[in-house]
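Take a look at the letters that make up each chain.
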Amino acid sequence: MPSQVAEQLHVDLGARGYDIAIGPGLIGRAGAEITSLPNAPNRVVVVTDHHVAELHLAPLERSLSDAGLAFDAFVVPAGEASKSFASFEKLCEALLTAGLERKTWLIALGGGVVGDLTGFAAAVLLRGLDFVQIPTSLLAQVDSSVGGKTGINSAHGKNLVGAFHQPRLVLADSGALATLPRRELLAGYAEIVKCGALGDAAFFAWLEEHGAHVVEGDAKAQIRAVATSCKTKAAIVAADERERGRRALLNLGHTFGHALEAETGYSSALLHGEAVAIGMVMAFDLSVRLGYCRPEEADRLRRHLAAVGLATDLSDLPQVDWNAERLLGHMRKDKKVSDGRLTFILARSLGEAFVTQEVPESEVLALLQDVIAASALARRAIG
Ligand code: GLY
C-alpha cells in the first residue's frame with residue numbers, strides 16, 4: 001500500500017474486481033496509481049465539471065504528466081442538468097472527436113453527476129472503455145463512485161438510462177473534502193449514516209460519538225467513516241452486483257427520498273442526501289407502525305441526524321405544498337417497482353434492515369398523511 005493511502009479496500013468481483021484507495025494526496029498520485037495497474041492505458045481523458053476543475057484539475061494533470069500519460073480534459077457544467085441526454089450526446093461526440101481507442105481510459109473527477117455521466121460514457125463508447133473514479137464529494141466517495149451504477153436522466157425520471165459498469169480503480173482523496181460546502185458535506189454524511197443504519201450497529205454507535213467530527217472536517221474521522229461505508233458497500237456489491245436482492249438494502253431511505261426529490265423538482269431546494277436523511281426517518285417510522293421495530297430505534301436515528309444538523313422532518317424544509325397522493329404517485333414510478341408493488345427497505349433495528357414488497361399502500365399513504373399533517377402543525381407552532 002503506498003504511504004499516502006490511509007485505507008485500501010477491494011471490491012471482490014473476480015476479473016472485474018478493483019481497489020478503492022482512501023487517503024490524502026491521492027489526486028496528486030493518480031497518474032502513478034493508474035500506471036501501476038495491469039493493462040494500464042497510454043492515454044486518458046478526464047471528465048470533470050467547472051467547479052471541480054478549478055479546484056482539482058491542475059494537480060491531477062500534473063500527476064498524469066509526471067507518470068508519462070498523455071491526456072485530454074473535458075469540462076461539463078456543474079449540476080444535474082449535465083446528466084441529460086443532450087449533454088451526454090455532446091460529451092460522447094466531443095470524446096469521439098478527440099479520438100478514442102480501446103486502450104484509452106476515462107477518468108471521472110468530481111461528484112455523483114460527473115461519475116454517473118462519465119461511467120455511462122465509458123460503458124457505451126467503443127462498446128466499453130475502462131475508467132477510473134476520482135470522487136471529490138463525500139456522497140460520491142461513500143456511495144456513487146463504488147459499485148458500478150452509471151447513468152443519465154430521462155424525462156421519466158432520474159437514472160433511468162444507464163448501465164452497470166465497474167471502474168478499474170476508485171481514488172477517494174480525503175483532502176478534497178476540505179473544499180466542500182458544509183451543506184454538501186452534510187448531505188453526503190446522510191449516506192454514511194445509511195450504511196450504519198442498514199447493517200452495522202457498531203458503526204452507527206461510532207457515528208453517534210464521532211459523527212460531529214466527520215462533519216466538522218476531522219480528516220482522521222472522515223477517512224474512517226468513508227472507509228467503513230465503502231467496506232459495507234463493497235461487501236454488498238460483491239454479493240449482489242446487479243441488485244437482484246441484497247443490494248437493494250443500499251436504497252434505505254431512497255423510496256421516500258426519491259419521491260421528495262421528485263416533488264421538489266430535483267432542485268437545490270433538497271439535495272439527494274438531505275432527501276435520504278428524511279426518507280430514512282420515514283422508513284424507520286413505517287417500520288415502527290408495521291410493528292417491525294421499536295420506536296426508540298427510530299427516535300435514535302432522528303436524534304443523531306438532527307444532532308449533526310440534518311433535516312429529519314418535512315417541517316425542517318422550506319415550505320412546499322406536500323401532498324400524500326402525489327408523493328405516492330412518484331413512488332409508483334420508481335424503478336424499484338416490481339409486479340406493480342413498491343419496494344421498501346424497512347428495519348428491525350438500527351443495523352438490521354431488510355427488503356420487502358409486502359407493505360400495503362394504505363399504510364404508506366397513512367404515514368405520509370400523518371407526516372404532512374405533523375409538519376403543518378409544527379410550522380403553525382413556529383409561525
Ligand atoms: N446507491 C445504491 C447502489 O449503488 O446500489
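Conventions we followed
- Residues numbered from 1 in each chain as written.
- Predicted model: local features only at pLDDT ≥ 70, side-chain atom pairs only at ≥ 80, totals over all residues.
- Heavy atoms only, no water.
- Near = heavy atom within 4 Å.
- Polar contact = N/O pair within 3.5 Å; in protein donor to acceptor, adjacent residues only side chain to side chain.
- Areas by Shrake-Rupley, 256 points an atom, 1.4 Å probe, with all protein chains shown as cover.
- Buried < 20%, exposed > 50% of the residue type's maximum accessible area, 1.4 Å probe, protein only.
- Helix = DSSP H or I, 4+ residues; strand = E, 2+ residues; numbered from the N terminus.
- Arc of directions from axis to C-beta.
- Axes fitted to C-alpha atoms, helices over the stretch in contact; angles between N-to-C directions.
- Left-handed = near helix turned anticlockwise from the far one by under 90°.
- Contact = heavy atoms within 4.5 Å.
- Nonpolar A, V, L, I, M, F, W, Y, C, P; charged D, E, K, R; others polar.
- Expected span 1.5 Å × (residues − 1).
- Core = buried A, V, L, I, M, F, W, Y, C linked by side-chain atoms within 4.5 Å.
- Pairing = 2+ DSSP bridges.
- Parallel < 35°, antiparallel > 145°, perpendicular 65-115°, else oblique.
- Disulfide = S-S within 2.5 Å.

Caption draft 1: Focus on the site of the ligand. Inspection of the region around the ligand gives D143, K149, K233, E243, R247, L250 and N251 as its neighbouring residues. Between the ligand and the protein, one listed contact pairs an oxygen atom with a side-chain N or O atom of K233 at 2.6 Å. A distance of 2.7 Å separates an oxygen atom of the ligand from a polar atom in the side chain of R247. Burial of the ligand by the protein chains amounts to 90% of its free accessible area of 200 Å².

Caption draft 2: Structural detail: helix α12 (residues 324-332). All of the buried residues along α12 are A324, L327, L328 and M331. Across the axial projection of α12, the buried residues extend over an arc of 100°, all falling on one side. Near the N-terminus of α12, the side chain that reaches the backbone nitrogen of E325, with its oxygen 3.0 Å away, is that of N323.

Caption draft 3: How the structure looks around the packing of helix α7 (residues 201-216) against helix α8 (residues 219-239). With their axes 9 Å apart at the nearest point, α7 and α8 run at an angle of 140° to one another. Pair α7 / α8 crosses with left-handed handedness. Along its contact with α7, which presents F203, W206, H213 and V214, the element α8 presents A221, Q222, R224, A225, T228 and S229. Counted by class, the contact of α7 with α8 contains 5 nonpolar, 4 polar and 1 charged residues.

Caption draft 4: Structural view of helix α10 (residues 272-289). Over its 18 residues, α10 extends 25 Å from the first C-alpha to the last, a length consistent with the 26 Å expected when each residue adds 1.5 Å. Of all 18 residues that make up α10, 16 are buried, and the element is covered over most of its length. Directly beyond the C-terminal end of α10, a positive phi value near 85° is found at G291.

Caption draft 5: Here's a closer look at the nonpolar core. Y189 and F256 are the most contacted members of the largest nonpolar core, which totals 84 residues. Per element, the largest residue contribution to this core is 10 residues, and it comes from α10. Leave out the neighbours within four places in its chain, and F256 touches G279, M282, A283, L286, M331, F344, V364, L367 and L368. If you look at the next biggest cluster of nonpolar residues, it comprises 21 residues, including V46, A53, L60 and L109.

Caption draft 6: Structural context of the sheet that holds strand β4 (residues 70-76). An order of β1-β2-β9-β6-β5-β3-β4 is seen for the 7 strands of this open sheet, with the pairing classed as mixed. Here the strands that pair on one side only, and so sit at the sheet edges, are β1 (7-11) and β4. Within the sheet, the average angular offset between the axes of one strand and its neighbour, ignoring direction, is 15°. Judged from the 5 bridges that link them, β1 and strand β2 (residues 18-23) form a sheet pairing that is antiparallel. Residue H10 lies in a different strand from β2, and its bridge partner there is D19. Where α8 meets the sheet, it contacts β1 and β2, and its direction lies at approximately 10° from that of β1.

Caption draft 7: Spotlight on the environment of S349. One can find S349 in strand β10 (residues 344-349). Along the primary structure S349 and G147 are separated by 202 residues, whereas in three dimensions their C-alpha atoms are 25 Å apart.

Caption draft 8: How the structure looks around the packing of helix α6 (residues 182-199) against α8. Running from amino to carboxyl end, α6 crosses α8 at an angle of 50°, the nearest separation of the two axes being 10 Å. Here α6 lies oblique to α8, going by the angle between them. Every pair of crossing elements has a handedness; the one defined by α6 and α8 is left-handed. Side by side, α6 and α8 meet where L185, I192, C195 and L198 of the first sit next to Q222, A225, S229, T232 and I236 of the second. Looking at the contact of α6 with α8 residue by residue, the class counts come to 6 nonpolar, 3 polar and no charged.

Caption draft 9: Focus on the state of the cysteines. Tallied over the entire structure, the rule returns 0 disulfides. Left without a disulfide partner, C230 is nearest to the cysteine sulfur of C195, which lies 7.9 Å away. For C230, a relative accessible area of 0% gives the class buried. There is no disulfide at C293, and the cysteine sulfur nearest it, in C195, is 18 Å away. Overall, C293 belongs to the buried group, its relative accessible area being 7%.

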